[in-house]
Amino acid sequence: MAGFLSMLRRTYLAVYNWAVFIGWAQVLFLAVKTLKESGHEHVYSAVEKPLQLAQTAAILEVLPLLTATLPQISSRLYLTWIILHSFPEVQTHFLVSSLTISWSITEIIRYSFFGMKEAFGATPSFLLWLRYSTFLVMYPIGISSEVGLIYLALPHIKVSEKFCIRMPNKWNFSFDNFYIAFIALGIYVPGSPHMYRYMLSQRKKALSKSKRE
Amino acid sequence: MKVTVVSRSGREVIKGGLDLSDSATVADLQEAIHKRTKKFYPSRQRLTLPVPSGSKEKPTVLSAKKSLKEYTDGNSDSLTIVFKDLGPQVSYRTLFFFEYVGPLLLYPVFYYFNVYEFLGYKGSERVIHPVQTYALYYWCFHYFKRIMETFFVHRFSHATSPLSNVFRNCAYYWTFGCYIAYYMNHPLYTPVSDLQMKIGFAFGALCQVSNLYCHILLSNLRSPDGSGGYQIPRGFLFNIVTCANYATEIYQWLGFNIATQTVAGYLFLVVAASIMTNWALAKHRRLKKLFDGKDGRPKYPRRWIILPPFL
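What you see is a predicted model, and the numbers here were worked out from it, not measured in a lab.

(A) View of the side chain of Asn172 of chain A. Take Asn172 of chain A: it is sitting in the loop between helix H7 (135-160) and helix H8 (177-212). Judged by relative accessible area, Asn172 of chain A falls into the buried class, the value being 0%.

Here you go:
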């Protein structure tokens, strides 16, 4: 029974990982194609649906804390839904292209890595290398795009008052999206070097382990 | 007796080891290590017996009052112990004082001073509702009580806590304190019905007094020199709840929130309750393991863990 369950789990994970891989591959393909054909202003509308689907699917990850840290997922979801989806004014900016391309490359590598592991039990070493090396470039690009887009959205957040709850109310609660955005930006300051350093130490561990094997 | 002091990676922490008399205690060893290493005062040292590599056993921590001979297994000429630096330490009293003084002093700032105008709020003259005044007294009494208990009631089993905990715990208490105070004293604060307020505060006050009594009972379980170790708590609510002190604390905050009704307050209640529940589960488990009814030890009675009627 235990064996059957674990096989079921592996199949689920394999299918899940490959499905999301295809989602991100689609995002990358559409992003690059639209960039070349129509320019960066149109990238968002081209990738919107597959991006939202692929990114939100991350919530279904059985082991999100193992494969991608919680801050990374929450910042992605924040960008996808609260910033990009809600504020069309920033959708045409070039940073959307750099964001989607860096995200999708990272995710394609990550999901194919895990898809391979679940489906075949092993991963080719070049995939391991890619997984632990592309972040060196993708993280700075992705993080700067995220920060840039939040910053660009700030004036629109303030004016539109979207998602804001004001006093007075029965529950004596208020929520100011504008200040939340500021706090989010603030979190990037210690958060990004921390994540980068974490990935560097993961890289050392993973690549030295494979060398020893 | 020759004592070899190694780090967890096997490296010798004190070159050449230490020479101590055969009747020396662990406390003497700690002093000797401190003398040699200047920066590692005793409360920073975690000394354990080595475990065979690969073994999943938890290492035995050396107890300060025991004599070193108790840890040697027959071969009383030499002993190897493993050293770990716990980092800079502060006494629990210091830690608790700073945690609690923040909410005690910051909350009244929101009540007495016009911080809201400073934060950009432009409005007419502020009207202070009675519930806001009562909330101020309740809140300040609560944290004043906690500070008094820290100095006069609690008996701590470990004298110190890592310095980093000061920053972490103060951030938690002070931030939540300001967060709640902000909404409680806001000019646009909406009070609940008079009856609800009275019920909330009365229930909360009752729980605070019970909480104080629980703390007194707990501290009497331990002897004045702090060597009490673990006992089965008895008397008052402890007969039915293992962690009656946490239970009364949680219900006390519930009373406060019923009377004041802010999302911020309820959020604090949920976070505090989950932290305390974690502690309570661990404590209950520890007590059950210790008092298993074997070897003449009493068996730990069936009790609620923390929050009757749920857990």
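Back to the text.
(B) Local environment of the sheet that holds strand S3 (residues 45-48) of chain B. All names here are of chain B. Strand order in the open sheet formed by four strands is S2-S1-S4-S3, and the pairing between neighbours is mixed. Strands with a single pairing partner mark the edges of an open sheet, and in this sheet they are strand S2 (18-19) and S3. When S3 meets strand S4 (residues 78-85), the two strands line up antiparallel, connected through four bridges. Bridge pairing in S4 places Gln45 opposite Asp85. In the packing of helix H1 (residues 26-37) onto the sheet, the strands contacted are strand S1 (2-7), S2, S3 and S4, and the crossing angle to S3 comes to about 125°.

(C) Structural context of the environment of Lys122 of chain B. All names here are of chain B. Within the secondary structure, Lys122 is located in the loop between helix H3 (115-118) and helix H4 (130-152). Using a relative accessible area of 74% as the deciding quantity, one classes Lys122 as exposed. Residues Lys122 and Pro187 lie 65 residues apart in sequence; the distance between their C-alpha atoms is 9.9 Å.

(D) Quick look at the state of the cysteines. Residues and elements named next belong to chain B. For the structure shown, the criterion picks out zero disulfides over all chains. In this model Cys178 remains outside any disulfide bridge; the closest cysteine sulfur is found in Cys170, 12 Å from its own. Judged by its relative accessible area of 24%, Cys178 falls in the partly exposed class.

(E) Fine view of the interface of chain A and chain B. With eight residues of chain A at the interface, the matching set in chain B holds eleven residues. Around 940 Å² of area is buried between chain A and chain B when both sides are counted, 58% of it from carbon and sulfur atoms. It is Met167, Trp171 and Asn172 of chain A that lose the most area in chain A upon contact with chain B, and together they represent 60% of the buried surface on that side. The tally of links from chain A across to chain B stands at zero salt bridges. The interface formed by chain A and chain B contains six residue pairs in polar contact (both at pLDDT 80 or more). Classifying every residue of the side of chain A that touches chain B by side-chain character gives four nonpolar, three polar and one charged.

(F) Region of the structure containing the UniProt feature "transmembrane region" (unreviewed entry) in chain B. Residue and element names in this part refer to chain B. According to UniProt, the "transmembrane region" (unreviewed entry) feature falls on residues 94-113, 171-189, 201-218 and 263-281. Overall, residues 171-189 shows 74% helix and 0% strand. The separation of its end C-alpha atoms is 25 Å. The span residues 201-218 shows a helical share of 100% and a strand share of 0%, and its end C-alpha atoms are spaced 25 Å apart.

(G) Representation of the packing of H4 of chain B against helix H5 (residues 164-184) of chain B in the model. Residues and elements named next belong to chain B. At a minimum axis separation of 11 Å, H4 and H5 run at an interaxial angle of 165°. Between H4 and H5, the angle falls in the class roughly antiparallel. For the pair H4 and H5, the crossing hand works out as left-handed. Across from Gln132, Ala135, Trp139, Tyr143 and Arg146 in H4, the residues of H5 making contact are Tyr173, Gly177, Ile180 and Met184.

Calculation notes
- Residues numbered from 1 in each chain as written.
- Chains lettered and ligands numbered in written order.
- Predicted model: local features only at pLDDT ≥ 70, side-chain atom pairs only at ≥ 80, totals over all residues.
- Heavy atoms only, no water.
- Helix = DSSP H or I, 4+ residues; strand = E, 2+ residues; numbered from the N terminus.
- Buried < 20%, exposed > 50% of the residue type's maximum accessible area, 1.4 Å probe, protein only.
- Pairing = 2+ DSSP bridges.
- Contact = heavy atoms within 4.5 Å.
- Axes fitted to C-alpha atoms, helices over the stretch in contact; angles between N-to-C directions.
- Disulfide = S-S within 2.5 Å.
- Buried area = accessible area lost by both parts, 1.4 Å probe.
- Salt bridge = Lys/Arg side-chain N within 4 Å of Asp/Glu carboxyl O.
- Polar contact = N/O pair within 3.5 Å; in protein donor to acceptor, adjacent residues only side chain to side chain.
- Nonpolar A, V, L, I, M, F, W, Y, C, P; charged D, E, K, R; others polar.
- UniProt positions renumbered as here; feature names shortened; annotations may be inferred.
- Parallel < 35°, antiparallel > 145°, perpendicular 65-115°, else oblique.
- Left-handed = near helix turned anticlockwise from the far one by under 90°.

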